[in-house]
Amino acid sequence: MENVTNVSLAQNRKDDHIRFAIEQQGSAQTHRDFDDVEFLHHALGGVNLEQVRLQTMVADIEWQHPLYINAMTGGTAAALQINSALARAAAATGTALAAGSLGVALDQPETAVSFKVLRELNPEGFVFANIGAGRSVSDALRAVELLQANALQIHINTVQETVMPEGDRDFGEWIDNLANLASALERDGVPLVVKEVGFGLSRKTLKLLSEIGVKIADVSGKGGTNFAQIEAERRSDSYHYLNSFGQSAVVSLLDAPEFPELLASGGVKSPLDAVKLLALGARAVGVAGAFLPAAATGDHEKVVEQLKWWVSRMRELYALLGAANTSQLTSTDVLLRGRVREYCQLRAID
Ligand code: FNR
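Residues numbered from 1 in each chain as written. Predicted model: local features only at pLDDT ≥ 70, side-chain atom pairs only at ≥ 80, totals over all residues. Heavy atoms only, no water.

Scanning the protein chain from terminus to terminus reveals 14 helices and 12 strands. Taken over C-alpha atoms, the radius of gyration comes to 19 Å for the protein chain, in line with the 20 Å a tight globule of 350 residues would show. Its C-alpha atoms give the protein chain principal-axis dimensions of about 65 × 45 × 45 Å. Here the protein chain holds 350 residues, and 51% of them are scored as buried. Considering only residue pairs separated by 6 or more positions, the protein chain has 75% of its internal contacts joining residues 24 or more positions apart. Each charge class in the protein chain was averaged separately, 31 positive and 42 negative side chains, and the resulting centres sit 3 Å apart. (Helix = DSSP H or I, 4+ residues; strand = E, 2+ residues; numbered from the N terminus. Rg over C-alpha atoms; globule rule 2.2 N^0.38 Å. Buried < 20%, exposed > 50% of the residue type's maximum accessible area, 1.4 Å probe, protein only. Contact = heavy atoms within 4.5 Å. Lys, Arg positive; Asp, Glu negative; His and termini not counted. Charge placed at Lys NZ, Arg CZ, Asp CG, Glu CD.)

This paragraph deals with the site of the ligand. Every one of the 22 residues lining the ligand counts as a neighbour, but Ala71, Met72, Ser220, Thr225 and Gly267 are closest to it. Alanine 71 places a main-chain nitrogen or oxygen 2.7 Å from an oxygen atom of the ligand. Protein coverage of the free-state accessible area of the ligand, which is 600 Å², stands at 95%. (Near = heavy atom within 4 Å. Polar contact = N/O pair within 3.5 Å; in protein donor to acceptor, adjacent residues only side chain to side chain. Areas by Shrake-Rupley, 256 points an atom, 1.4 Å probe, with all protein chains shown as cover.)

This paragraph deals with the confidence of the model for the protein chain. Here the protein chain averages 94 in pLDDT, and 97% of its residues register 70 or above. Scored as a complex, the prediction yields pTM 0.96 and ipTM 1.00. (pLDDT = per-residue confidence, 0-100.)

For the rest of this paragraph, the subject is the packing of helix α2 (residues 77-93) against helix α4 (residues 113-120). Look at α2 against α4: their axes get within 8 Å of each other, and the N-to-C directions meet at 5 degrees. When the axes of α2 and α4 are compared, the pair comes out roughly parallel. For the pair α2 and α4, the contacting residues are Ala79, Leu80, Asn83, Ser84 and Ala87 in the first and Val113, Ser114, Phe115, Val117 and Leu118 in the second. For the contact of α2 with α4, the class distribution of residues is 7 nonpolar, 3 polar and no charged. (Axes fitted to C-alpha atoms, helices over the stretch in contact; angles between N-to-C directions. Parallel < 35°, antiparallel > 145°, perpendicular 65-115°, else oblique. Nonpolar A, V, L, I, M, F, W, Y, C, P; charged D, E, K, R; others polar.)

Moving on, we get to the nonpolar core. Ranked by size, the top nonpolar core spans 95 residues in total, and within it Leu102, Leu152, Ile154, Leu206, Leu209 and Leu277 carry the most contacts. With 10 residues, the single largest contributor to this core is helix α13 (residues 300-321). Discounting chain neighbours no more than four positions away, the residues touching leucine 277 are Phe34, Ala249, Val250, Leu253, Ala264, Ser265, Val268, Ala282 and Val285. (Core = buried A, V, L, I, M, F, W, Y, C linked by side-chain atoms within 4.5 Å.)

Under the 1.5 Å per step criterion, the end-to-end length of α13 is 32 Å for 22 residues, consistent within 8% with the ideal 32 Å. Against the buried residues of α13 lie β1 (37-39), β4 (67-69), α2, α11 (271-279), β11 (284-287) and α12 (292-296). In this structure aspartate 299 caps α13, since a side-chain oxygen of it lies 3.0 Å from the backbone nitrogen of glutamate 301. Two residues or fewer after α13 comes glycine 322, characterised by a positive phi angle close to 75 degrees. (Expected span 1.5 Å × (residues − 1).)

Looking at where arginine 32 falls in the secondary structure, it is placed in the loop between α1 (6-24) and β1. Engagement of the side chain of arginine 32 in a polar contact is seen with the backbone oxygen of glycine 267, the distance being 3.1 Å. Among the polar contacts listed, one links the side chain of arginine 32 to the side chain of aspartate 273, at a separation of 2.6 Å. The contacts of arginine 32, once residues within four sequence positions are left out, are Gly267, Lys269 and Asp273.

Turning our attention to the packing of aromatic side chains. Within this structure, the stated rule accounts for 8 aromatic pairs. Here tryptophan 63 and tyrosine 68 contribute two aromatic rings whose centre-to-centre distance is 5.5 Å and whose plane-to-plane angle is 70 degrees, an arrangement assigned as edge-to-face. Residue classification places tyrosine 68 among the buried residues on the basis of a relative accessible area of 0%. Each residue in the set Trp63, Tyr68, Phe126 and Phe128 is aromatic and connected to the rest through ring pairs, giving one cluster. (Phe/Tyr/Trp six-rings, centres within 6.5 Å; stacked < 30°, edge-to-face > 60°.)

Here's what the structure looks like:
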């Protein structure tokens, strides 16, 4: 089409992302770092299921459980349907949830309705707003305001921008911009989470974030939704050689420096994956792609059912592992094998 505006391009992209991310859910993987993390089973080490407390503290607010719906979408009719289902399900299950990037809502206010449902249908819930690392302080505050959000996620997504022909290329400016955003948001009392979008946060990146005053980070690693692959599907100029680029959430957590609050996501496909990331030090675990097919049906009951199943299965795992609460999971006996072990050994000598 000749007269396509930037906004409709952005909207087409968002619908493509939804479609291809759903298709990715079924794809089999040869190696998962999650499989290299094993709990040592102690047959007499369990605690009573009723004693298990799943609560966790994120940004000084107590969440009912440590599973959250990570950032996905907004800006289109399909996204409105997805966000409505997610918001209703989050409200029904006490699950924290993150909006997709609000950039489109700031640039094109008539699309804001597809995001606002996240708050309107979920008035008491914990909601993250979300924008990109190149945005201004005033955009950040507008995004928070639009959703009456409890906190703001800022995504750093250099790989994703690289594989999009229309993507940002000014990565060199992001660190200064982030430093500016971090101090402005701190002044305004808005908790800030810096997150990846499926390629992981290295030790060096987390140290840099810490130096500029970022206190919460979501390592969002590889192994789940893969934007290099999604962009390859969208056009013939394929980026297939980037399919295994980046680090998993597992190794990002293992390699992390001291950091005030770490959240983890990326490739979390089961309650056991989620509990492994909590055992490796995450305060809470985000899931995006795995909840998308149910949300895309528009039937929030399907998402409610899925969330309830995950949370109840996580509770069983806490009891089995002898953890009466989330922080006790970090004292469980964990074995590291294969590539994950090798990664830790390689990193230990640098
Ligand atoms: C995403 N993700 C994402 N992240 C972000 O910070 N802002 C965004 O707008 C989006 N958009 C988006 C769209 C779709 C369709 C998906 C599936 C994901 C990334 C997401 O929050 C998460 O970091 C990664 O998807 C990795 O988690 P999963 O999908 O492997 O559980």
